[in-house]
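Reading the structure
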Amino acid sequence: MSAVAHDRHQEAAVRTAAAAVAQQLTELTGAPPRITAEPGAIRVEADVTDAALRHWTRLLAVLDLGTEYGVSNTPAGQIAWLRIELRRQGPAHDH
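Structural notes, computed from the coordinates. Note that the structure is predicted; figures quoted are calculated from it, not measured.

Concerning the nonpolar core
Among the nonpolar cores identified, the biggest contains 17 residues, and Val21, Leu25, Val44, Leu59, Leu82 and Ile84 are the most heavily contacted of them. It is helix 1 (residues 3–29) that contributes the most residues to this core, five residues altogether. With near-sequence residues (within four places) excluded, leucine 25 lies in contact with Gly30, Ala31, Pro33, Val44, Ala46, Leu59 and Val62.

Section: the side chain of arginine 83
On the secondary structure map, arginine 83 appears in strand 4 (residues 77–85). Those residues in contact with arginine 83 that sit more than four places away from it in its chain are Glu38, Pro39, Ala41, Ile42, Arg43, Gly66, Thr67 and Glu68.

What about the pattern of salt bridges?
Inspection of the entire model under this criterion finds eight salt bridges. One salt bridge connects glutamate 11 with arginine 15, and the closest N-O pair in it is separated by 3.6 Å. Within this pair, glutamate 11 and its partner arginine 15 are both found in helix 1, separated by four residues, close to a single helical turn. The class for glutamate 11 is partly exposed, based on a relative accessible area of 33%. You can call arginine 15 exposed: its relative accessible area is 51%. The salt bridge partner of arginine 34 is aspartate 47, with a shortest N-O separation of 3.1 Å. Of this pair, arginine 34 sits in strand 1 (residues 34–38) while aspartate 47 is found in strand 2 (residues 41–47), placing the two residues 13 residues apart along the sequence. The exposure class assigned to arginine 34 is partly exposed, which follows from its relative accessible area of 34%.

Side note on the sheet that holds strand 2
The sheet built from four strands is open, its strands ordered 1-2-4-3 with antiparallel pairing. A strand with exactly one partner marks an edge of an open sheet, and here the two such strands are strand 1 and strand 3 (68–74). Neighbour to neighbour, the strand axes of the sheet diverge by 25° on average, direction disregarded. Where strand 2 meets strand 4, seven bridges bridge the pair, whose relative direction is antiparallel. From the neighbouring strand, isoleucine 42 faces strand 4, where its bridge partner is isoleucine 84.

Analysis parameters
Residues numbered from 1 in each chain as written. Predicted model: local features only at pLDDT ≥ 70, side-chain atom pairs only at ≥ 80, totals over all residues. Heavy atoms only, no water. Core = buried A, V, L, I, M, F, W, Y, C linked by side-chain atoms within 4.5 Å. Buried < 20%, exposed > 50% of the residue type's maximum accessible area, 1.4 Å probe, protein only. Helix = DSSP H or I, 4+ residues; strand = E, 2+ residues; numbered from the N terminus. Contact = heavy atoms within 4.5 Å. Salt bridge = Lys/Arg side-chain N within 4 Å of Asp/Glu carboxyl O. Pairing = 2+ DSSP bridges. Axes fitted to C-alpha atoms, helices over the stretch in contact; angles between N-to-C directions.

Structural data, given as C-alpha cells:
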C-alpha cells in the first residue's frame, strides 16, 4: 500500500472512530458533540451534562477510546474532550 493510500485509509478509520464516539457522547450527554479536524487528529468535545455525570464510568470509557482525553473547565461549565490521532506510517526505506 502506498503512503498516500495508507494515509487515506487511516483518515477514514479516524473519521469512523470519531463518528462512533460522537454517537455515544450524544447518547450520554443528550446533545451532539463538537467535532474539529486538527493536523493529524480529530478532536471531539462534549458538554458534561447532568445526564453524563450520572453515567460517569461510561463517559470515561468513551473518552478512553481517544489517543488522549481530558475534562476542561470553562465559564459555561465542564467540557469532556478527546483526540483521535492519525497513525502515521513509518518512513519508507529502499533496500
